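# Chain and residue survey
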Amino acid sequence: MKGDVKSTDLSWISKIQVNHPAVLRRAEQIQARRTVKKEWQAAWLLKAVTFIDLTTLSGDDTSSNIQRLCYKAKYPIREDLLKALNMHDKGITTAAVCVYPARVCDAVKALQAAGCAIPVASVATGFPAGQTHLKTRLEEIRLAVEDGAAEIDVVINRSLVLTGRWEALYDEIRQFRKACGEAHLKTILATGELGSLTNVYKASMIAMMAGSDFIKTSTGKETVNATFPVAIVMLRAIRDFFWKTGNKIGFKPAGGIRSAKDSLAWLSLVKEELGDEWLKPELFRIGASTLLSDIERQIYHHVTGRYAAYHDLPMS
């Protein structure tokens, strides 16, 4: 990657090219490998739980299912299973809960009632399309923060990427950053709608330069969500940005990550590309709604030697 990281000069962005075949080869290599040896899987799956942003983003969300979500975030794995693994006193929770802006108050109240310090993340800026007026998008951030959201998952305006308007994209994300105040800014690139891996790299760099704490693959509402080729490009961008600035930016894949096996593959990818120092909730999250259920099923199997019946595990 050429050019200095400067907020005043983005001309170097247009010169970037990603080697598409090389990225695909790397993705195939990683996916062909067994990720974690069987005897270590339970430990890695419990680690994966601590990276999950437990998410509900449905049109029929109500205060009662937000309460259930928050309870599951605090108690993600059944107590007796944790005791069998001698992990019951380790305070294992999910990293955050993620909801729509109108549900932030419900989530904050539910977590406070449970005596729990898990942060609430809110999507914002016209999620998932990002096609509302900028003034409205900024107000949505401010209202979510006022209601108690500690993290804001914003969506970018994809049209700015597709038309190469990098300064305008930078300026919008800078305004998102300012509207967040003390809240963490997670910037969703909606990579399935950016047209090319080169655009994914460029958008990643712009988002980090503009002050994002995390870059996130997808809203989960696109036809193509978190994929390994896209992740490799984003992780390499994070690494390049760290080398240039010394700043560590977090990574959040989201959309389509449903199985325990998937979660282990994502942990392995981040470990290989960025190292162990990125394997902590401050720098790595997984956006998911159904993943936790499968992880709990696999841990149940690890402990008991059989798979759980539907009624054996509490619903989130």
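Below you will find a few notes about this structure. Just so you know, these numbers come straight off a predicted model, no measurement behind them.

Moving on, we get to the overall build of the protein chain. Scanning the protein chain from terminus to terminus reveals 12 helices and 8 strands. At 19 Å, the protein chain has a C-alpha radius of gyration in line with the 20 Å of a compact globule built from 316 residues. Each principal axis of the C-alpha distribution contributes one length, and for the protein chain these read about 60 × 45 × 35 Å. Buried positions account for 53% of the 316 residues belonging to the protein chain.

With that settled, consider the sheet that holds strand S4 (residues 151-155). Either a parallel or an antiparallel arrangement is found when strands of a sheet pair, and the pairing is made through backbone hydrogen bonds. Across the sheet, which stays open at both edges, the 8 strands sit in the order S7-S6-S5-S4-S3-S2-S1-S8 with parallel pairing between neighbours. If you trace the sheet from one side to the other, it starts and ends with strand S7 (250-252) and strand S8 (286-288), each paired once. Mean inter-strand twist for the sheet, computed between neighbouring axes without regard to direction, equals 25°. Note: strand S6 (residues 214-216) against S7, 3 bridges, orientation parallel. Residue pairing in the sheet places isoleucine 215 in a bridge with phenylalanine 251 of S7.

With that settled, consider the side chain of threonine 191. Here threonine 191 shows up in the loop between strand S5 (184-188) and helix H9 (197-209). Not counting the four nearest positions on each side in its chain, threonine 191 is found in contact with Val200, Thr217, Ser218, Glu222, Asn225, Val230 and Met234.

With that settled, the discussion passes to the packing of aromatic side chains. Applying the stated criterion to the full structure yields 7 aromatic pairs. With a centroid separation of 4.8 Å and an interplanar angle of 50°, the aromatic rings of tyrosine 71 and tyrosine 75 are classed as tilted. Taken together, the ring pairs in this structure connect Phe51, Phe228, Phe251, Trp266 and Phe284 into an aromatic cluster. Over the ring of tryptophan 278 we find lysine 248; its NZ or CZ atom is 5.7 Å from the centre of that ring.

A few words on the packing of helix H2 (residues 41-49) against helix H11 (residues 260-274). Remark: H2 packs on H11, axes separated minimally by 10 Å, with the N-to-C direction vectors making an angle of 85°. Classified by the angle between their axes, H2 and H11 sit roughly perpendicular to one another. Mapping the contact onto sequence places Gln41, Trp44, Leu45 and Ala48 in H2 and Ala260, Ser263, Leu264, Leu267 and Lys271 in H11. Taken together, the residues of the contact of H2 with H11 sort by class into 6 nonpolar, 2 polar and 1 charged.

Backbone torsion omega between phenylalanine 127 and proline 128 reads 0°, so that peptide bond is classified as cis. Positive phi, normally seen in glycine, also occurs at asparagine 86, with a value near 60°. Relative to the helices and strands, asparagine 86 is located in the loop between helix H4 (79-84) and strand S2 (96-99).

Cut-offs and rules
- Per chain, residue numbering runs from 1 following the sequence as it is written.
- Under the rules for a predicted model, residues below a pLDDT of 70 receive no local features and side-chain atom pairs below 80 are neither given nor counted, while totals for whole chains, interfaces and linings still include all residues.
- Excluded from the side-chain calculations are hydrogens and water; all other atoms, namely the structure's heavy atoms, are used.
- Note on conventions: DSSP H or I runs of at least 4 residues are helices, E runs of at least 2 residues are strands, and numbering of each starts at the N terminus.
- For this measure, only C-alpha atoms enter the radius of gyration; the expected value for a globule follows 2.2 Å times N^0.38, where N is the number of residues.
- Exposure is judged per residue with a 1.4 Å probe applied to protein chains only, and the accessible area is read against the type maximum: over 50% gives exposed, under 20% gives buried, and values in between give partly exposed.
- DSSP bridges decide pairing: two strands pair if at least two such bridges lie between them.
- Here the axes come from fitting lines to C-alpha atoms, over the contacting stretch only for helices, and the angles between their N-to-C directions go from 0 to 180 degrees.
- The contact definition used throughout considers only heavy atoms, calling two residues in contact when any of these lie within 4.5 Å.
- Aromatic contacts are taken between Phe, Tyr and Trp rings whose centres are within 6.5 Å, Trp giving its six-membered ring; a plane angle under 30 degrees counts as stacked, one over 60 as edge-to-face, and the others as tilted.
- Note on geometry: a ring has a charge over it if NZ (lysine) or CZ (arginine) is within 6 Å of the ring centre and within 35 degrees of the ring normal.
- Small angles under 35 degrees read as roughly parallel and large ones over 145 as roughly antiparallel, with 65 to 115 read as roughly perpendicular and the rest as oblique.
- Residues are grouped as follows: Ala, Val, Leu, Ile, Met, Phe, Trp, Tyr, Cys and Pro are nonpolar; Asp, Glu, Lys and Arg are charged; all remaining types, including Gly, are polar.

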